[in-house]
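Chain by chain, the residues:
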Amino acid sequence: MTLTGKGKIAGVIGWPIAHSVSPTLHGYWLGEEKVDGALVPLAVKREDFARVVGALQLAGFRGANVTLPHKEAAFALADQCDDAAKAAGAANLLIFHPQGSIEARNTDSVGLRESLRESLGDLKGRAVVLLGAGGAARGAVVALNELGASRVHILNRDPDKAAHVAKALKPMVASTLEAGALEDWPKLAASADLLVNTTSAGMTGHPALALEVAGLKPSAAVMDIVYNPLETPLLTDAKARGHITIDGLGMLMHQAVPSFEAFFGVRPKVTSGLRKHLERSLNA
Ligand code: ATR
């Protein structure tokens, strides 16, 4: 690492923070782009979040990435925010502007959009089934709309939450939004062009999704935003049936691009070298 007194400093704030991949990701790009700067992991308790953000601003930080449990608080304290943050009610990027204002963005939505675009191109006229109704699902709706999806059917274990998300986001998107329960999947499988999982099911330490890919047309793709493990049971099932699969690492890499650019002034590239670097780090 090269860091001088003029170095550009940003943080990543969470509790806990030791598991965060962001320092590894940004560290790779800082080296590649030969930037005089650093992304510092900061373990901050929920009740201290706002005070720490104020202190980082005073200390000249460029901004911070924000992870659990602070994403809603980050959104709440910002002076301005993008559509994805508004839709999710949560932000994972805070940019500290020199005049003192704080901008919040939800780059998870950008990451999902760019990962899908890289693998599938746009989604004009396509029907998507989206699993989950949390903050990640809300950001995904914005991303799918931006890619031109004609219909997004939101399915959740608790269908009331899916209905709530569809109702709340309808005014923000051109895609037709529908909602239902996970049990509706078999009826929808044949007409879906893309299945996206935004639930935490399938993540290490969590149960797998109680859902089979069976019935999906051969040309349809399956994406899982979980990256730990890289191949979730859902993706293993989809791969075995010959579908295009998209793992969570693409979204993870792409969500970091706008943050790195905002902090360090260079737009970094998502490359196979970065993917290999992260795969090694996740496997370590
Ligand atoms: P995030 O903000 O990351 O989306 P969240 O708000 O905690 O996280 O949402 C987690 C999502 O995963 C929810 O949609 C949740 O379903 P419920 O709303 O019914 O709780 C979903 N989820 C978690 N575990 C699941 C499981 N085992 N099977 C199906 N869905 C699950």
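Below is a summary of the structure that appears in this document. Just so you know, these numbers come straight off a predicted model, no measurement behind them.

1. A closer look at the overall build of the chain
Next up, step 1: The helix and strand inventory of the chain stands at 11 helices and 12 strands.
Next up, step 2: Over its C-alpha trace the chain gives a radius of gyration of 19 Å, about what one expects of a compact globule, namely 19 Å for 284 residues.
Next up, step 3: The buried share of the chain, reckoned over its 284 residues, is 49%.
Next up, step 4: Approximately 12900 Å² of the chain is accessible, and the part contributed by carbon and sulfur atoms is 53%.
Next up, step 5: Side chains of the chain carry 29 positive and 28 negative charges; the gap between the two charge centres is 3 Å.

2. Side note on the packing of helix 5 (residues 107–120) against helix 6 (residues 135–146)
Next up, step 1: Here helix 5 crosses helix 6 at 40°, and the two axes come no closer than 8 Å. The angle between helix 5 and helix 6 falls in the class oblique. Both helix 5 and helix 6 take part in a crossing whose hand is right-handed. Counted together, Ser109, Leu112, Arg113 and Leu116 of helix 5 and Gly139, Ala140, Val142, Ala143, Leu144 and Glu146 of helix 6 form the full contact between these two elements.
Next up, step 2: The residue inventory of the contact of helix 5 with helix 6, partitioned by class, reads six nonpolar, two polar and two charged.

3. A word on the sheet that holds strand 1 (residues 8–14)
Next up, step 1: Strand order in this open sheet of six strands is 2-1-3-5-6-4, and the pairing throughout is mixed. Each end of this open sheet is capped by a strand with a single partner; those strands are strand 2 (37–43) and strand 4 (80–81).
Next up, step 2: Sitting on the sheet, helix 10 (residues 248–264) touches strand 1, strand 2, strand 3 (63–66), strand 5 (93–96) and strand 6 (102–105), and the angle it makes with strand 5 is about 15°.

4. Brief notes about empty space enclosed by the protein
Next up, step 1: If you walk through the whole model with that rule in mind, you get one cavity of 30 Å³ or more.
Next up, step 2: The computed volume of the largest cavity comes to approximately 30 Å³.
Next up, step 3: Asn106, Asp108, Ser109, Leu112, Ala136, Gly139, Ala140 and Met251 are the residues that line the largest cavity.
Next up, step 4: Listed by contribution, the elements that provide at least two residues to the lining of the largest cavity are helix 5 and helix 6.
Next up, step 5: Looking at the lining of the largest cavity, its residues break down into four nonpolar, three polar and one charged.

5. Some points on the nonpolar core
Next up, step 1: Formed by 31 residues in total, the largest nonpolar core has its most connected members in Leu112, Leu116, Leu123, Leu130, Leu144, Ile154 and Leu194.
Next up, step 2: Mapped by element, the contributors of at least two residues to this core are helix 4 (83–88), helix 5, strand 7 (127–131), helix 6, strand 8 (151–156), helix 7 (159–169), strand 10 (194–197) and strand 11 (221–224).
Next up, step 3: Among residues more than four places away in sequence, those in contact with leucine 144 are Leu116, Leu123, Val128, Leu130, Ala149, Val152, Ser175 and Leu194.
Next up, step 4: Counting 22 residues, the second-largest nonpolar core is a separate cluster that includes Trp29, Leu30, Val35 and Leu93.

6. Regarding the side chain of serine 22
Next up, step 1: In this structure, serine 22 sits in helix 1 (residues 22–32).
Next up, step 2: Here serine 22 falls in the buried class, since its relative accessible area comes to 14%.
Next up, step 3: Setting aside its immediate chain neighbours within four residues, serine 22 contacts Val12, Gly27 and Leu39.

What counts, and at which threshold
Within each chain, residues carry numbers counting from 1 in the order of the written sequence. Where totals are concerned, whole chains, interfaces and linings use all residues; where local detail is concerned, this predicted model gives features only for residues with pLDDT of at least 70, and gives and counts side-chain atom pairs only at 80 or more. To get the side-chain values, take all heavy atoms of the structure and skip hydrogens and water. Helix and strand assignments follow DSSP, with helices taken as H or I runs no shorter than four residues and strands as E runs no shorter than two, numbered in order from the N terminus. We compute the radius of gyration over the C-alpha atoms and compare it with the globule rule, which gives 2.2 Å times the number of residues raised to the power 0.38. Each residue is assigned to one of three classes by its accessible area relative to the maximum for its type, calculated with a 1.4 Å probe on protein chains only: buried under 20%, partly exposed between the two thresholds, exposed over 50%. Only the protein chains shown count as covering a residue, and every accessible area follows the Shrake-Rupley method with a 1.4 Å probe. When charges are tallied, Lys and Arg are placed among the positive residues and Asp and Glu among the negative ones, while His and the ends of the chain are skipped. Charged side chains are reduced to one point each, which is NZ for Lys, CZ for Arg, CG for Asp and CD for Glu. To get an axis, fit a line to the C-alpha atoms, keeping to the stretch in contact for a helix; angles then go from 0 to 180 degrees between the N-to-C directions. By definition in this entry, angles of less than 35 degrees are roughly parallel, angles greater than 145 are roughly antiparallel, angles of 65 to 115 are roughly perpendicular, and the rest are oblique. In this scheme the crossing of two helices becomes right-handed for a clockwise turn of the near helix relative to the far one and left-handed for an anticlockwise turn of less than a right angle. Note on definitions: a residue-residue contact is assigned when non-hydrogen atoms from the two residues lie within 4.5 Å. Each residue gets one label: Ala, Val, Leu, Ile, Met, Phe, Trp, Tyr, Cys and Pro are nonpolar, Asp, Glu, Lys and Arg are charged, and the others, such as Gly, are polar. At least two bridges found by DSSP between two strands are what make those strands a pair. Grid points spaced at 1 Å and placed over the protein atoms alone form the basis of the search, with a cavity being a set where a 1.4 Å probe fits but cannot get out and a pocket an open set showing protein on both sides within 12 Å along at least five of seven lines. Lining residues have an atom within 4 Å of a point. Grid points are joined across faces, edges and corners, and a volume is the space filled by probe spheres set on the points. By nonpolar core we mean a set of buried residues, namely Ala, Val, Leu, Ile, Met, Phe, Trp, Tyr and Cys, connected to one another through side-chain atoms within 4.5 Å.

By themselves, these figures tell us nothing about what the structure is for.
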